[in-house]
Structures are given as structure tokens and as C-alpha cells.
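Chain by chain, the residues:
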Amino acid sequence: MEKLLIRGGVPLEGEIGISGAKNAALPIMCAALLTPETLRLAKVPRLMDVRTMTGLLERMGVAAHAPEPGALELTAARIADPRAPYELVRTMRASVLVLGPLLARCGEARVALPGGCAIGLRPVDQHVKGLEAMGAEIRVEHGDMIARAERLRGARIVMDLVTVTGTENLMMAATLADGTTVIENAAREPEIVDLAACLSAMGARIRGAGTDVIRVEGVAALGGAAHRVMPDRIETGTYLAAVAAAGGRVRLTEAAPDTLDATLDKLREAGARISVQQDSIELEMNGRPHAVDLRTAPYPGFATDMQAQLLALDTIAQGTAMVTETIFENRFMHALELQRLGADIAIEGNTAVVRGVERLQGAAVMATDLRASASLVIAGLVAQGETLIDRIYHLDRGYEALEAKLGALGARVERRR
Ligand code: EPU
């Protein structure tokens, strides 16, 4: 299994380009199922999850073509097999995003129930509830959701809780439904706005994406379109947190600073000097960070996908920080690994109490999920000596060219096979 060796303790300095967003690219790729015409995407990140999603679409009969790096053309002329099997859903929960589009386009779908995952239970009851409100019949058989609907019809859906992929699934399903669908208590994440932009370019009629009430007027058919995937705000935040923790100066280009307000506020509170231009961000950090409290919340609150990285920063901060996770019930696996590097963290319920220590020391650690792995990389960059991170396939799911980008900042990072 591949490992990442980091020789930490050096400040970082340089410039890197931000990739397209994983969590925008995945739902947008599923939108290709809604039309027989070609969806042409640019800025698709080269990641394991994107390869997994491409494979899933291909086995359904979608033609996938990558004319150049970062470009992807998807054509679902005919959907031969509207099914997402457990092997794929288990490795990538986002596979559940095919459910809404398949039902809308084919009137049937068979998608494995995701089950548990490393960060918590993550059920899909809200996806099911919304599709049922639109007239679908869904039953579970042998671990699969079997869904049917002659033609979905518009409905008013009030989500019990804010769910990102749930909102995306319903929004996609509603584009081809008969009549108007209103999704209330919808997620407001920027990735939903990006998906809505792509669907609109395909001919969908959507209003309110980015607010908590989304209205979709169903149309008879969608067509092909071209769309550029938005910049990855979590990748951006991860590099900013890395430089805030290790010290130094960085300029991130091709970014979308306006999607990062909560993260930038916390990094400023930690002592970083940040300046923002239209599509780039500069951060400079001198000295030890100050401890920052945080509490995860749906957008525009502080992203759960940035919790682990800021927690890593807090481990070497001056003072004590309270980090509260409200979205996922088991998202502190990195805390135990960070303790191996000398961090002082106590978990009390859904809060981690992080007492900043003056320095971390390198050690062998294990990655448990994508963002937990990112926090170990940050800690490794700060730690004195060598940190060896095992199971870095988690990182490859969500960070494009990680070693090259960190290398461009002067970090001493190498992959070991
Ligand atoms: N939930 C339910 N029922 C549902 C759906 C969700 O109870 O039907 C609960 C979940 O268990 C969780 C909360 O609602 O406690 C929020 O989950 P959400 O559905 O919003 O998460 P998701 O859509 O499965 C996306 C991202 C995650 C990110 C979360 C929260 C994608 C592909 N994934 O997941 O990204 O953490 O939203 O912002 O967009 C990552 O990139 O590392 C990652 C895990």
C-alpha cells in the first residue's frame, strides 16, 4: 500500500493552482444521465473518485471521452443498465447521485444502499422521501434500492435536515418531472449552485439554487451543454491551513475566494494575513497560530470538510480550542492519529478539546478518510522529523497532484510504494 513520507518543520512558500471541485464534478457528471446529448466538462479534477464515477457511468452505457487533461465528454445516448452496484457505492457514497437522474430519464433505477462509512452513518432517507413525494415507488431488496416511476411529477418537499447530495439528487430528478418542484430547507453549498448552472445550460429551469428554497420547473427534455467545474474550495482551504500551520507565504490561483468566507475568517483569527483578489488568495503566516474555536455547520457555516485541517492547526496553536462537529457523528478519527504526533486532544461527545503544544514530532500514522488524511499531512508538515502516512489512497480520492503541489511550496514530501 502506498505511503507518504513527509520531512516536516520547514516553512512553505510559493504559488499553486487550484483544481476543479470534486464535490461539484461528481454530481455534474451524473447530470449527463439526463440527456442523450453530449455534456462537455472542463476543469474536471484527476482524482480516484472521478475515475470511479466515470467507470460507474460507463457500465450503464454512457460513452466517456477525455479529449485532453481536465476535459471530459459524457454522452448517455442510451442507458443500457440503470444500476449502481454495492462494490461501487461502498467505495464512493456519491454513487447515490445517479438515483435521481436515472429515475427521471429511465423511470427505473437500482442503486445499492450505501450503509455506514468511516465518518458516520450517513443514511439516504431524505433522498428517498423526496423522490417518493415526486411519485416514485422505492423498495429495498437484497441491499439495493429499487426505484420506479412512470414519470416523476413536481412536488413540494420539505427536507427534514440539510443534505447536500440529497438536494442535488432531487434537483436533478425534478428537471424532467411533470410540473414544478419546490425543495425547502435545501442545502446552500456552492457546489449546488454549480450543478444548477450546468443543468440550466442543459435547458433546465431552476431558481433559488444557493438559497434554502429551490424551485425547479420540469421540462420535457434536456440537451447537451458545456460547463467548467468550479474551483475546489476544500482543496483551497486545505493548502491555506497547511501554510497557516507550517508558516510561510502562499498564493493560490484559479480559486473562488467568495466560497471560503468561514474558513478565511478562522485563519485570520489564527493570525494569518490574507488578501483576496477576484480568483486568487494570498496568505502569509509568521509565528505560532492562535487557537481557534470552531463549530461545523451547513454552508455558509464552517464546513465539516475543513474541520480536520483546522484541528491540525489548533494542535500547535497558542491556547486551547474547542472544535465541535455537528454534521457527522464519527468525524474525529484523525484525533487519535494526531496524538501519535504529540498532539493533546480530548474528545468529549461531539467536541474535541485541543490544547496547543509547542511542537509535534514525526511518527508513523494511518489515514482513515479523505479529510482526516489531509489533517495528517498538515501535521506532518509541521512536525519535527519524519512522518510516514499509510493508506494514502484516501488522499488520492480528493486531492489532485498533492505531492507536486506541496513540492511547489518547498515541502519535502515523497510517495513510497
Ligand atoms: N443525512 C440524513 N439523511 C439523508 C441524507 C443525509 O440523515 O438522507 C445526514 C447525514 O448522515 C449527515 C448530514 O445529514 O449527518 C449531512 O449529510 P449530507 O447528505 O449533506 O452529506 P453528503 O451529501 O453525503 C456531501 C459531501 C461530503 C461533505 C458533506 C457535508 C459530496 C459528494 N460529499 O456529502 O464531502 O462532508 O456533503 O458537507 O458532495 C468529502 O469531500 O470529504 C466529503 C465527505
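See above for the structure.
Criteria and thresholds
Residues numbered from 1 in each chain as written. Predicted model: local features only at pLDDT ≥ 70, side-chain atom pairs only at ≥ 80, totals over all residues. Heavy atoms only, no water. Pairing = 2+ DSSP bridges. Helix = DSSP H or I, 4+ residues; strand = E, 2+ residues; numbered from the N terminus. Axes fitted to C-alpha atoms, helices over the stretch in contact; angles between N-to-C directions. Expected span 1.5 Å × (residues − 1). Buried < 20%, exposed > 50% of the residue type's maximum accessible area, 1.4 Å probe, protein only. Disulfide = S-S within 2.5 Å. Near = heavy atom within 4 Å. Polar contact = N/O pair within 3.5 Å; in protein donor to acceptor, adjacent residues only side chain to side chain. Nonpolar A, V, L, I, M, F, W, Y, C, P; charged D, E, K, R; others polar. Parallel < 35°, antiparallel > 145°, perpendicular 65-115°, else oblique. Left-handed = near helix turned anticlockwise from the far one by under 90°. Contact = heavy atoms within 4.5 Å. Salt bridge = Lys/Arg side-chain N within 4 Å of Asp/Glu carboxyl O.

## Let's talk about the sheet that holds strand 14 (residues 225–228)
Stage number 1. Strand order in this open sheet of 4 strands is 4-5-3-14, and the pairing throughout is mixed. Here the strands that pair on one side only, and so sit at the sheet edges, are strand 4 (63–65) and strand 14. The average undirected angle you get between the axes of adjacent strands in this sheet is 15 degrees.
Stage number 2. Taken together, the 4 bridges between strand 3 (residues 38–42) and strand 5 (residues 72–75) define a ladder with antiparallel strand orientation.

## Observations concerning helix 7 (residues 190–201)
Stage number 1. Between its first and last C-alpha, helix 7 extends 17 Å over 12 residues, near the 16 Å set by a 1.5 Å rise per residue.
Stage number 2. Where helix 7 is concerned, the buried positions are Pro190, Glu191, Ile192, Asp194, Leu195, Ala196, Cys198 and Leu199.
Stage number 3. Immediately downstream of helix 7, the backbone of Gly203 shows phi near 110 degrees, a positive value.

## Observations regarding the state of the cysteines
Stage number 1. All told, the structure shown has 0 disulfides when counted by the stated rule.
Stage number 2. We note that Cys30 lacks a disulfide partner, and the nearest cysteine sulfur, in Cys198, lies 11 Å from it.

## Some remarks on the pairing of strand 17 (residues 281–285)
Stage number 1. Of all the 5 residues making up strand 17, 4 are buried; the element is thus mostly covered by neighbouring parts of the structure.
Stage number 2. Pairing of strand 15 (residues 248–253) with strand 17 involves 5 bridges; the strand directions are antiparallel. Its bridge partner lying in strand 17, Arg249 is registered against Glu284.
Stage number 3. In this structure, strand 16 (residues 273–276) lies alongside strand 17, joined through 4 bridges in antiparallel fashion. Across the sheet, Ile274 pairs through a bridge with Leu283, a residue of strand 17.
Stage number 4. The hairpin formed by strand 16 and strand 17 contains 4 residues between the paired strands.

## Section: the pairing of strand 8 (residues 137–141)
Stage number 1. Where strand 8 meets strand 9 (residues 144–148), 5 bridges bridge the pair, whose relative direction is antiparallel. In the sheet register, Val140 faces strand 9, and the bridge partner there is Met145.

## Things to note about the site of the ligand
Stage number 1. Around the ligand there are 22 residues in total, and Asp125, Thr163, Thr165, Asp305 and Ile327 lie nearest to it.
Stage number 2. Contacts to the ligand include Gln126, whose backbone N or O atom sits 2.7 Å from an oxygen atom.
Stage number 3. Contact between the ligand and Arg331: an oxygen atom at 3.5 Å from a side-chain N or O atom of the residue.
Stage number 4. Those elements that provide at least two residues to the shell around the ligand are helix 1 (22–31), helix 5 (125–133), helix 6 (164–175) and helix 12 (370–382).
Stage number 5. Sort the elements by how many residues they give to the shell around the ligand and helix 5 lands first, with 3 residues.
Stage number 6. A breakdown of the residues in the shell around the ligand according to their chemical character gives 9 nonpolar, 6 polar and 7 charged.

## Brief notes about the sheet that holds strand 11 (residues 180–184)
Stage number 1. Overall, mixed pairing links the 4 strands, which are arranged 10-11-13-12 in an open sheet. The open sheet is flanked by strand 10 (156–158) and strand 12 (205–207), the only strands paired with a single partner. The mean angle between the axes of side-by-side strands here comes to 15 degrees, regardless of whether they run parallel or antiparallel.
Stage number 2. As paired strands, strand 12 and strand 13 (residues 213–217) are joined by 3 bridges and run antiparallel to one another. In the strand pairing of strand 13, Ile206 is matched with Val216.

## Remarks on the packing of helix 8 (residues 233–246) against helix 12
Stage number 1. Closest axis-to-axis distance for the helix 8/helix 12 pair is 9 Å, and the angle between their directions is 25 degrees. As the angle between them shows, helix 8 and helix 12 are arranged roughly parallel. Relative to helix 12, helix 8 is oriented so that their crossing is right-handed. Residues Ile234, Thr238, Ala241, Ala242, Ala245 and Ala246 of helix 8 form the contact with helix 12, whose own contacting residues are Arg371, Ala374, Ile378, Leu381 and Val382.

## Things to note about the pattern of salt bridges
Oppositely charged side chains can pair when the atoms bearing their charge come close.
Stage number 1. Across all of its chains, the model carries 30 salt bridges by this definition.
Stage number 2. A salt bridge links Lys22 to Asp49, with the shortest nitrogen-to-oxygen separation between them at 3.9 Å. Linking Lys22 in helix 1 with Asp49 in helix 2 (residues 48–59), this pair joins segments that are 27 residues apart in sequence.
Stage number 3. A residue is classified by how much of its surface remains accessible, and Asp49, at 3% relative accessible area, is buried.
Stage number 4. Between Arg233 and Glu191 there is a salt bridge, with the nearest N and O atoms lying 2.8 Å from each other. Residue Arg233 is located in helix 8, and its partner Glu191 is located in helix 7; the two are separated by 42 residues in the primary sequence.
Stage number 5. Several salt bridges share partner residues, and in doing so they unite Glu2, Asp396, Glu403, Arg415 and Arg417 into one network.

## What to know about the packing of helix 8 against helix 10 (residues 307–315)
Stage number 1. It is the contact of helix 8 with helix 10, at a shortest axis distance of 9 Å, that shows an interaxial angle of 5 degrees. In terms of orientation, helix 8 and helix 10 fall into the roughly parallel class. Residues Ile234, Thr238, Ala241, Ala244 and Ala245 of helix 8 touch helix 10, and the partners they reach there are Gln309, Leu310 and Leu313.

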